[in-house]
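Residues per chain, in single letters:
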Amino acid sequence: MDERPELTLQLTIDCADPQRLVPFWLDALRYVPDPPPAGHATWRAYWEAIGVPEDELGEDAGELPESIVDPRGVGPRVWFQRVPEPKTVKNRVHLDLKVGGGREVPLAVRRERVDGEVTRLTALGATVLYAMDEPNGMDYYAVVLQDPEGNEFCIV
């Protein structure tokens, strides 16, 4: 019998201002705010109820959504963790938002889907860094963007 605890996955994104990133990523991922546990109006109220010390919570922690979840229950929970230091280098891990449909879909269709999503996300505050358009018959197309705090991600 396997006695290991159940494994779940949470993606944590360090940031200066969770309230700046949460609305962007809610729309980008088509997620919803993670509701506080039953019987608690906010995550802060829950954390206080279970005894998390005030000095660990910070001034406004848990009053507004800091975590988002996939309403279908498929994708990982994403937590936007406030950190004091600014982003200084390229991400070592990034998200790929896969909207193209894969290589079985014609390149022209994938390109149209990717470009449509890029247009949607730049309207929400993303910035385009560059397109990865592989020449020489590689049949690959993706666009690298940054979220409002400069975290890189790809539309594929």
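Keep in mind it's a predicted model, so treat the numbers as computed, not measured. (Residues numbered from 1 in each chain as written. Predicted model: local features only at pLDDT ≥ 70, side-chain atom pairs only at ≥ 80, totals over all residues. Heavy atoms only, no water.)

Draft legend 1. Spatial organisation of the sheet that holds strand E8 (residues 152–155). The four strands lie next to each other as E5-E8-E7-E6, forming an open sheet whose pairing is mixed. The strands lining the two open edges of the sheet, one partner per strand, are strand E5 (95–97) and strand E6 (127–133). Taking each pair of neighbouring strands and ignoring which way they run, the sheet shows an average axis angle of 25 degrees. Note: E5 against E8, three bridges, orientation parallel. When the bridges of E8 are listed, Asp96 appears paired with Cys154. Contacts between helix H1 (residues 18–29) and the sheet are confined to E5 and E8, with E5 contributing the most and set at about 45 degrees to the helix. (Pairing = 2+ DSSP bridges. Helix = DSSP H or I, 4+ residues; strand = E, 2+ residues; numbered from the N terminus. Axes fitted to C-alpha atoms, helices over the stretch in contact; angles between N-to-C directions. Contact = heavy atoms within 4.5 Å.)

Draft legend 2. Representation of the packing of H1 against helix H4 (residues 107–124) within the structure. Where H1 meets H4, the closest approach of the two axes is 10 Å, and the angle between their N-to-C directions is 160 degrees. In terms of axis orientation, H1 runs roughly antiparallel to H4. In terms of crossing hand, the pair formed by H1 and H4 is right-handed. Residues Phe24, Asp27 and Ala28 of H1 lie in contact with H4, whose contacting residues are Glu117, Arg120, Leu121 and Leu124. Partitioned by chemical class, the residues of the contact of H1 with H4 number four nonpolar, no polar and three charged. (Parallel < 35°, antiparallel > 145°, perpendicular 65-115°, else oblique. Left-handed = near helix turned anticlockwise from the far one by under 90°. Nonpolar A, V, L, I, M, F, W, Y, C, P; charged D, E, K, R; others polar.)

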